[in-house]
Amino acid sequence: PEDAYASDMVSRINQLINSEEALQKKKLEEALVKAESLFAAKDYEAALEAYYEVASLDAENTTALSRMVELTALIAQNNARQQAQKNFDLLVAKADALRENDAQSALLSYQEASRIFPDNDSVKEKINLTEKIIQENALKAKATQEYNSFVTQADQDFAAAKLLEAKVNYEK
């Protein structure tokens, strides 16, 4: 009788162990499917958490371990890309605000933005436009300087009673 009892208990224990293993295996499979689905959807942060769950259920799971390494790198790349985009957007916004009143500073900001994303055509166009504004401003400044020089000379000629010279300079 005792052998039957012991045998029955061993059998029950084996059933419990098997059901616990089956439950653990099911949890692992569900966690792996969830992790793979999140990875495929490019929800990298959530996928990484899901792979950590898989690793907690099976520390030897090579898929989870390799995906965790891969996801850590992808998340770092995404964060770097997002930071670069943020810096780029700030530089372009700053340059746009400065362009009319301080074209030289705007040009420097556009050029810095262009170093972040060299293939951005919009910034290339803004650089060209800003360079034209700088050239136009330089021409206007030169013309104003020449005008002021003629007026100053004409004023001096007028004050010295050199009326013909004054008239010529005022007409320039």
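Structure shown above.
Residues numbered from 1 in each chain as written. Predicted model: local features only at pLDDT ≥ 70, side-chain atom pairs only at ≥ 80, totals over all residues. Heavy atoms only, no water.

Draft legend 1. Inspection of the overall build of the chain at higher detail. Regarding its fold elements, the chain presents 6 helices and 0 strands. Element order for the chain, N to C, with α for helix and β for strand: α-α-α-α-α-α. Taking all 172 residues of the chain together, the buried fraction comes to 23%. Restricting to contacts in the chain with at least 6 residues of sequence separation, those with at least 24 account for 43%. (Helix = DSSP H or I, 4+ residues; strand = E, 2+ residues; numbered from the N terminus. Buried < 20%, exposed > 50% of the residue type's maximum accessible area, 1.4 Å probe, protein only. Contact = heavy atoms within 4.5 Å.)

Draft legend 2. Broad picture of the nonpolar core. Formed by 17 residues in total, the largest nonpolar core has its most connected members in Phe-39, Tyr-44, Ala-47, Tyr-51, Val-54 and Leu-71. Breaking this core down by element, the ones donating at least two residues are α1 (2-40), α2 (44-57) and α3 (62-98). The element that contributes the greatest number of residues to this core is α2, accounting for 7 residues. Ranked by size, the runner-up nonpolar core spans 10 residues in total, among them Val-92, Ala-106, Leu-107 and Ile-127. (Core = buried A, V, L, I, M, F, W, Y, C linked by side-chain atoms within 4.5 Å.)

Draft legend 3. Representation of the environment of Tyr-147 within the structure. Considering the arrangement of structural elements, one finds Tyr-147 in helix α5 (residues 121-159). With 25 residues separating them in the primary sequence, Tyr-147 and Lys-172 have C-alpha atoms 7.7 Å apart.

Draft legend 4. Structural detail: the pattern of salt bridges. One pass over the full model with this rule turns up 4 salt bridges. The shortest N-O distance in the salt bridge between Lys-26 and Glu-30 comes to 4.0 Å. Highlighted residues: Lys-26 and Glu-30, both in helix α1, separated by 4 residues, approximately one helical turn. A relative accessible area of 48% places Glu-30 in the partly exposed class. One connected set of salt bridges, linked through shared partners, spans Glu-36, Arg-67 and Glu-70. (Salt bridge = Lys/Arg side-chain N within 4 Å of Asp/Glu carboxyl O.)

Draft legend 5. Region of interest: a nonpolar patch on the surface. Judged by side-chain polarity, Phe-158, Leu-163 and Tyr-170 come together as a nonpolar surface patch covering roughly 340 Å² of accessible area. Mapped onto the elements of the fold, Leu-163 is located in helix α6 (residues 163-171). Judged by its relative accessible area of 53%, Leu-163 is exposed. (Patch = residues over 30% accessible without salt bridge, like charges linked within 9 Å, V, L, I, M, F, W, Y side chains within 5 Å. Areas by Shrake-Rupley, 256 points an atom, 1.4 Å probe, with all protein chains shown as cover.)

Draft legend 6. Expanded view of helix α4 (residues 103-116). Its 14 residues place the ends of α4 20 Å apart at the C-alpha level, agreeing with the 20 Å of an ideal helix rising 1.5 Å per residue. Along α4, the residues that are buried comprise Ala-103, Ala-106, Leu-107, Ser-109, Tyr-110, Ala-113 and Ser-114. Seen end-on, α4 carries its buried residues on one side only, within an arc spanning 165°. Where α4 is buried, its residues meet α3 and α5. (Expected span 1.5 Å × (residues − 1). Arc of directions from axis to C-beta.)

Draft legend 7. Spatial organisation of α2. Here α2 contains 14 residues, and its C-alpha end-to-end distance of 20 Å stays within 8% of the 20 Å for a straight helix at 1.5 Å per residue. By the burial criterion, the buried members of α2 are Tyr-44, Ala-47, Leu-48, Ala-50, Tyr-51, Val-54 and Ala-55. Taken end-on, α2 shows its buried residues confined to a sector of 165°, consistent with a single buried face. Among the exposed residues of α2, those pointing more than 90 degrees away from its buried face are Glu-49 and Ser-56.

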